[in-house]
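Structure at a glance
Here is how the chains run, residue by residue.
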Amino acid sequence: SPLTTTIEAWEQKMARAAEVSAANYAFFLGATNDNLDEILQADYTRIPGVKLFMGSSTGNMLVDNDSEIRRLFARFHRVIACHAESEEIITANRQQLQARYPEGIPVGCHSEIRSRQACLEATTKAVKLARETGARLHLMHVTTADELALLRPGNLTGKRITAETCPHYLCFTDESVERTGGLTKCNPALKTESDRRELLRAVAD
């Protein structure tokens, strides 16, 4: 806090990290629905890329304007690190569950709110845009086997689309969320045991 969506805020975060960080650090510039001009003016010898939230997560950094997303992919030539979830699907899922559980949605339903469909739709859109525009896309924290099917294995040299997952998606599943009282609740949500196994295979490939 504040969100790192301007060059000034990025400089302030770098200065703060220089004072307190005990580890190496680098910070992305965050995309919003209206800061493309700021993004294009930044110095990417110092900034590793732009973080794009296609689904809401932490803070108020959701970018849900399709024309602005397309402009970013078309005009920005560095790394676009993407949190790919469909906000429209998440909202619809949440409304359905609120109707089913008027006294409060159980924590174990988190993966129904932030569903595999929400991930797949947004990832499909991002990959399609990257292939159409030649953008350098990096998909962050992939959670489903469905998304893996959109990716092409092979040597990293010259790749324009890459992806990662996270340790918790390799160790836990959606069934753990209720069992741990929400300690493994995260965004995107944990998925199934089958997804966990496929992610492990993908990391090994």
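On a predicted model such as this, the values are computed, not experimentally measured, just so you know.

Quick notes on the packing of aromatic side chains
Aromatic rings in a pair are described by how distant their centres are and how their planes are angled relative to each other. On inspection of all chains with the given rule, the structure shows two aromatic pairs. Ring centres of Tyr25 and Phe27 lie 5.8 Å apart, and the angle between their planes is 25 degrees; on these two criteria the pair is classed as stacked. Between Tyr44 and Phe76, the aromatic rings sit 5.0 Å apart at their centres with planes inclined by 70 degrees, giving edge-to-face as the arrangement. Of this pair, Tyr44 sits in the loop between helix H2 (36-41) and strand E2 (50-53) while Phe76 is found in the loop between helix H3 (66-75) and strand E3 (79-83), placing the two residues 32 residues apart along the sequence. Grouping residues by exposure puts Tyr44 and Phe76 together as buried.

A few points about the packing of H3 against helix H6 (residues 116-133)
How two helices pack is summed up by the angle between their axes together with the distance between the axes. Closest axis-to-axis distance for the H3/H6 pair is 9 Å, and the angle between their directions is 45 degrees. Comparing the axis directions of H3 and H6 gives the class oblique. The crossing of H3 and H6 is right-handed. Of the residues in H6, those in contact with Asp66, Ile69, Arg70, Phe73 and Ala74 of H3 are Lys125, Ala126, Leu129, Ala130, Glu132 and Thr133.

Quick notes on the confidence of the model for the protein
When pLDDT is averaged along the protein, the result is 94, and 98% of the positions lie at 70 or above. Here H3 is the element of the protein with the lowest mean pLDDT, 95, and strand E4 (residues 136-139) is the one with the highest, 98.

Topic: the sheet that holds strand E1 (residues 29-30)
A sheet is described by the order of its strands in space; here five strands give the open sequence E1-E2-E3-E4-E5, paired in parallel fashion. Looking at which strands have only one partner, the edges of the open sheet turn out to be E1 and strand E5 (161-163). Looking at chain direction, E3 and E4 are connected through four bridges and run parallel. Considered in E4, the bridge of Ile80 is made with Leu137. In this fold H3 packs onto E2, E3 and E4, with an angle of close to 155 degrees to the strand it touches most, E2.

Rules used throughout
Residues numbered from 1 in each chain as written. Predicted model: local features only at pLDDT ≥ 70, side-chain atom pairs only at ≥ 80, totals over all residues. Heavy atoms only, no water. Phe/Tyr/Trp six-rings, centres within 6.5 Å; stacked < 30°, edge-to-face > 60°. Helix = DSSP H or I, 4+ residues; strand = E, 2+ residues; numbered from the N terminus. Buried < 20%, exposed > 50% of the residue type's maximum accessible area, 1.4 Å probe, protein only. Axes fitted to C-alpha atoms, helices over the stretch in contact; angles between N-to-C directions. Parallel < 35°, antiparallel > 145°, perpendicular 65-115°, else oblique. Left-handed = near helix turned anticlockwise from the far one by under 90°. Contact = heavy atoms within 4.5 Å. pLDDT = per-residue confidence, 0-100. Pairing = 2+ DSSP bridges.

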